[in-house]
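Analysis of the macromolecular model
Chain by chain, the residues:
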Amino acid sequence: MSKKSGAQNRKLKKLREEENQQLAATWKKWLSKEEKTAVRSTLTPISEVEEGLLDETNEEKSEIRDEIVHLSLSQTGETSTADSNTLSVSKELNTKESIAVFDFDPATWKRPYSPSFIAFLVEKGTEQDKDADFFSSEKDGRKFSPIWYQKIMSNGEIVKRDWLIYSKIKKSIFCFPCLLFGTSSTRSSKLVDPECGFSNWKKLNPKVPLHENSDEHRNSYIQWKELERRLKSGQVIESDLEKSIQHEKQKWRNVLRAVVNVILYCADNNLALRGSSNNINDQNCGVFLKTIKLISKHDPELRIHIDESIKHPGRVTYFSNTIQNEILSLLYRQVKDVIIQEI
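Residues numbered from 1 in each chain as written. Predicted model: local features only at pLDDT ≥ 70, side-chain atom pairs only at ≥ 80, totals over all residues. Heavy atoms only, no water.

1. A closer look at the pattern of salt bridges
To keep it simple, the criterion reads: By definition here, a salt bridge exists when the distance from a side-chain nitrogen of Lys or Arg to a carboxyl oxygen of Asp or Glu is within 4 Å. The helix count covers DSSP runs of H or I at least four residues long, the strand count covers runs of E at least two residues long, and both are numbered beginning at the N terminus. Three labels apply to residues, based on accessible area from a 1.4 Å probe with only protein chains included: buried if under 20% of the type maximum, exposed if over 50%, partly exposed otherwise in between.
All told, the structure shown has 8 salt bridges when counted by the stated rule. Glutamate 212 is the salt-bridge partner of arginine 161, the closest N and O atoms lying 3.2 Å from each other. You can see arginine 161 sitting in the loop between strand S2 (158-160) and strand S3 (164-167) and its partner glutamate 212 sitting in helix H7 (residues 204-212), a full 51 residues away along the chain. Here the two residues arginine 161 and glutamate 212 agree in accessibility, since each one is buried. One salt bridge in this structure joins glutamate 228 and lysine 225, with 3.2 Å as the shortest N-O distance. Of this pair, glutamate 228 and lysine 225 both sit in helix H8 (residues 215-233), 3 residues apart, which is roughly one turn of that helix.

2. Section: the side chain of glutamate 228
The line we're drawing: Polar contacts here mean pairs of N or O atoms no more than 3.5 Å apart (in protein, one a potential hydrogen donor and the other a potential acceptor; neighbouring residues in sequence count only if both atoms are side-chain atoms).
Overall, glutamate 228 belongs to the buried group, its relative accessible area being 14%. There is a polar contact of 3.2 Å between the side chain of glutamate 228 and the side chain of lysine 225.

3. Remarks on the packing of helix H10 (residues 287-296) against helix H11 (residues 300-311)
Test applied: Only the stretch in contact is used when fitting a helix axis, every axis being a line fitted to C-alpha atoms; angles between N-to-C directions are given from 0 to 180 degrees. Angles are sorted into four bins: roughly parallel if under 35 degrees, roughly antiparallel if over 145, roughly perpendicular if 65 to 115, and oblique for all others. Residue contacts follow a heavy-atom distance rule, with two residues in contact if any of their heavy atoms lie within 4.5 Å. As a working rule, the residues Ala, Val, Leu, Ile, Met, Phe, Trp, Tyr, Cys and Pro are called nonpolar, Asp, Glu, Lys and Arg charged, and the rest polar, with Gly in that last group.
Running from N to C, H10 and H11 point in directions that differ by 125°, and their axes come no closer than 7 Å. Here H10 is positioned oblique relative to H11, judged by the angle of their axes. For the pair H10 and H11, the contacting residues are Ile292, Lys293, Ile295 and Ser296 in the first and Pro300, Leu302, Arg303 and Ile306 in the second. For the contact of H10 with H11, the residue count by class is 5 nonpolar, 1 polar and 2 charged.

4. Brief notes about the pairing of strand S4 (residues 172-175)
The test is simple: The criterion for strand pairing is that DSSP finds at least two bridges linking the strands in question.
The two faces of S4 match: Ser172 and Phe174 on one face and Ile173 and Cys175 on the other face are all buried. Where S3 meets S4, 4 bridges bridge the pair, whose relative direction is antiparallel. Opposite serine 167, over in S4, you have serine 172 as the bridge partner. The hairpin turn running from S3 into S4, its antiparallel successor, is 4 residues long, and lysine 171 in that turn takes a positive phi close to 55°.

5. Things to note about the environment of serine 276
With respect to the helices and strands, serine 276 occurs in the loop between helix H9 (237-268) and H10. The exposed category is assigned to serine 276, whose relative accessible area is 67%. On a C-alpha basis, the gap between serine 276 and glycine 286 in space is 7.1 Å, while along the polypeptide they are 10 residues apart.

6. Some remarks on the nonpolar core
Soluble, globular proteins show a tendency: their nonpolar side chains are buried together. Using the following cut-off: Nine residue types can take part in a nonpolar core, namely buried Ala, Val, Leu, Ile, Met, Phe, Trp, Tyr and Cys, and a core is a set of them joined through side-chain atoms within 4.5 Å.
Counting residues in hydrophobic clusters, the biggest one holds 34 residues, and the most contacted among them are Trp109, Leu121, Val122, Phe144, Ile173 and Leu180. Looking at this core, the elements with two or more residues in it are helix H5 (115-124), S3, S4, helix H6 (176-181), H7 and H8. Sort the elements by how many residues they give to this core and H5 lands first, with 6 residues. Ranked by size, the runner-up nonpolar core spans 17 residues in total, among them Ala258, Val262, Ile292 and Ile323.

7. A look at the packing of H5 against H8
For the pair H5 and H8, interaxial distance at closest approach is 9 Å and the crossing angle is 85°. With respect to H8, the element H5 is oriented roughly perpendicular. Along the contact surface, H5 presents Ile118, Ala119, Val122 and Glu123, while H8 presents Trp224, Leu227, Glu228 and Leu231. Within the contact of H5 with H8, the residues separate by chemical class into 6 nonpolar, no polar and 2 charged.

8. Concerning H10
Think of an α-helix as 3.6 residues a turn; residues three or four steps apart then line up on the same face. The cut-off we apply is this: Our arc is simply the arc of the directions from the helix axis toward the C-beta atoms.
The complete set of buried residues in H10 reads Phe288, Leu289, Thr291, Ile292 and Ser296. Each buried residue of H10 lies within a common arc of 160° when the element is viewed along its axis, so the set occupies one face.

So, in structure tokens, the structure goes:
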């Protein structure tokens, strides 16, 4: 076997050193991961649970908020499907850092707008930079003037056009409430067109006043201000929905209370509950239904419930034979337990 030359030995030595350096770097990286894992394992499980609960609570609040505003929008006759990109943006807007970075230029808003995104924009409000570098038209050199952010009434009063916003990207103006709440009929105006906006500066008058005085704009403006008021006062659809749910619960409690009291009355007086008919307006409907009808004369809520059940025969009433038997069974068990306890 021939002896290797000095150059070959130096080359082999260099390769071994490089391999050792790579191996050392790998070990160092692996050890650092182990240390991080060890540090994480020392965290108290309570803190991890608290963090998880906070995350879940925030997610639930975001979902509830979407549903609340979605209900608010659905009342206007327009349904909005949340876009995945828009939803991700709206979730990021929960932090102050994201709000500071977010671009309020309407040209950057991806359609369709999700309910949470609309709520965020309404809470933030419009931005009117009067010192912005407004774009001059290449044709006649005209450009938008911040004077249009205000209007002078016939009595000399100056009123702010808080609904008017300028897009630096599109170099156009837009109607803020009509973009968010406008219907298909409103979309005919360039001020509501998210693709281009209005930029014909020569025709600002009469186009802006015409749009401002239109019924569609007024409806959108009212919806905007109503949602803004509710968000500020914490009385979004959530409180109205809660009231509706509580009212529905109370209604069914009253109905069941009347049903149980009538059954107890019949049992106490050894009266048969049912007749030959289950129709509450029939003469042969039995003592139970006749007594329910009698009570309804002094209970407006129960009377409305009966009237609704007559108009819509398939609805739940809690007056059926099955419900009567179930309540009798529950009363029987209760009486039996009391008797056993006394013995």
